[in-house]
Amino acid sequence: MNIVLFHSTYGLRPAVRAAADRLRAAGHQVWTPDLFEGRVFDTVEEGMAHQEEVGRDELLKRAVLAAAPYSDRGLVYAGFSFGASVAQTLALGDDKARGLLLLHGTSDIAENASVDGLPVQLHVAEPDPFETDDWLSAWYLRMGRIGADVEVYRYAGAGHLFTDPDLDDYDADAAETAWRTALGFLQTL
């Protein structure tokens, strides 16, 4: 499977590279675009300030340009938190997308979005300060209405970015369960 994996608001940190290596070890080809052009951050607040400074349109442009050389292959779009929102936006706009793997995040859905059975898997903490229960319920229903085939996995008591071993959010058991489930999902595509 060809996968483009987008980083979180912290930037392209070691945990993202390790995740890509894990996917490669399972036989996938993986690209990890650096939307922040080498910048990494120690806090969510610093990363969000950088996102605001660069602007969502510019970040999406960078993501599209990074994925474009591979999109004819039928990509699985994947990402962590902010990167998941980017992955979702690109996948819903790419009629060749093979799947969407969301770790710790979702995004608004464009009014004109429509997919034909796109497989989507979401892994998110429960509760999650950035992905509230009300938001996730509405998101799930909307994704179904646009034609996505969605699976949602919740991890009680885990922190927001529970798959990143370098953060306080890390939860080893939840991370291993999420990765095992995600790798199984990718095998079905």
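Everything discussed here concerns the structure shown above.
Residues numbered from 1 in each chain as written. Predicted model: local features only at pLDDT ≥ 70, side-chain atom pairs only at ≥ 80, totals over all residues. Heavy atoms only, no water.

As for the side chain of Arg 62
And then number 1: Looking at where Arg 62 falls in the secondary structure, it is placed in helix α3 (residues 56-67).
And then number 2: The class for Arg 62 is buried, based on a relative accessible area of 18%.
And then number 3: Beyond its immediate chain neighbours, meaning those up to four positions away, Arg 62 contacts Leu 35, Phe 36, Glu 37 and Val 54. (Helix = DSSP H or I, 4+ residues; strand = E, 2+ residues; numbered from the N terminus. Buried < 20%, exposed > 50% of the residue type's maximum accessible area, 1.4 Å probe, protein only. Contact = heavy atoms within 4.5 Å.)

A short note on the nonpolar core
And then number 1: Counting residues in hydrophobic clusters, the biggest one holds 36 residues, and the most contacted among them are Phe 6, Tyr 77, Leu 100, Val 120 and Met 143.
And then number 2: If you list the elements that add at least two residues to this core, you get β1 (2-6), α3, β3 (75-80), α4 (82-92), β4 (99-103), β5 (119-126) and α5 (133-145).
And then number 3: At seven residues, the largest contribution of residues to this core is made by α4. (Core = buried A, V, L, I, M, F, W, Y, C linked by side-chain atoms within 4.5 Å.)

A word on the pattern of salt bridges
And then number 1: For the structure on display, the rule yields seven salt bridges.
And then number 2: Across the pair Glu 176 and Arg 22 runs a salt bridge whose closest N-O atoms are separated by 2.7 Å. Here Arg 22 lies in helix α1 (residues 14-25) and Glu 176 lies in helix α6 (residues 172-187), a separation of 154 residues in the sequence.
And then number 3: The partly exposed category is assigned to Arg 22, whose relative accessible area is 31%.
And then number 4: A salt bridge links Glu 58 to Arg 62; the shortest N-O distance between them is 3.1 Å. Pair noted here: Glu 58 and Arg 62 are both in helix α3, with a separation of four residues, about one helical turn.
And then number 5: A network of salt bridges, in which partner residues are shared, links Glu 37, Glu 58 and Arg 62. (Salt bridge = Lys/Arg side-chain N within 4 Å of Asp/Glu carboxyl O.)

Spatial relationships are all this shows, so hold off on functional conclusions.
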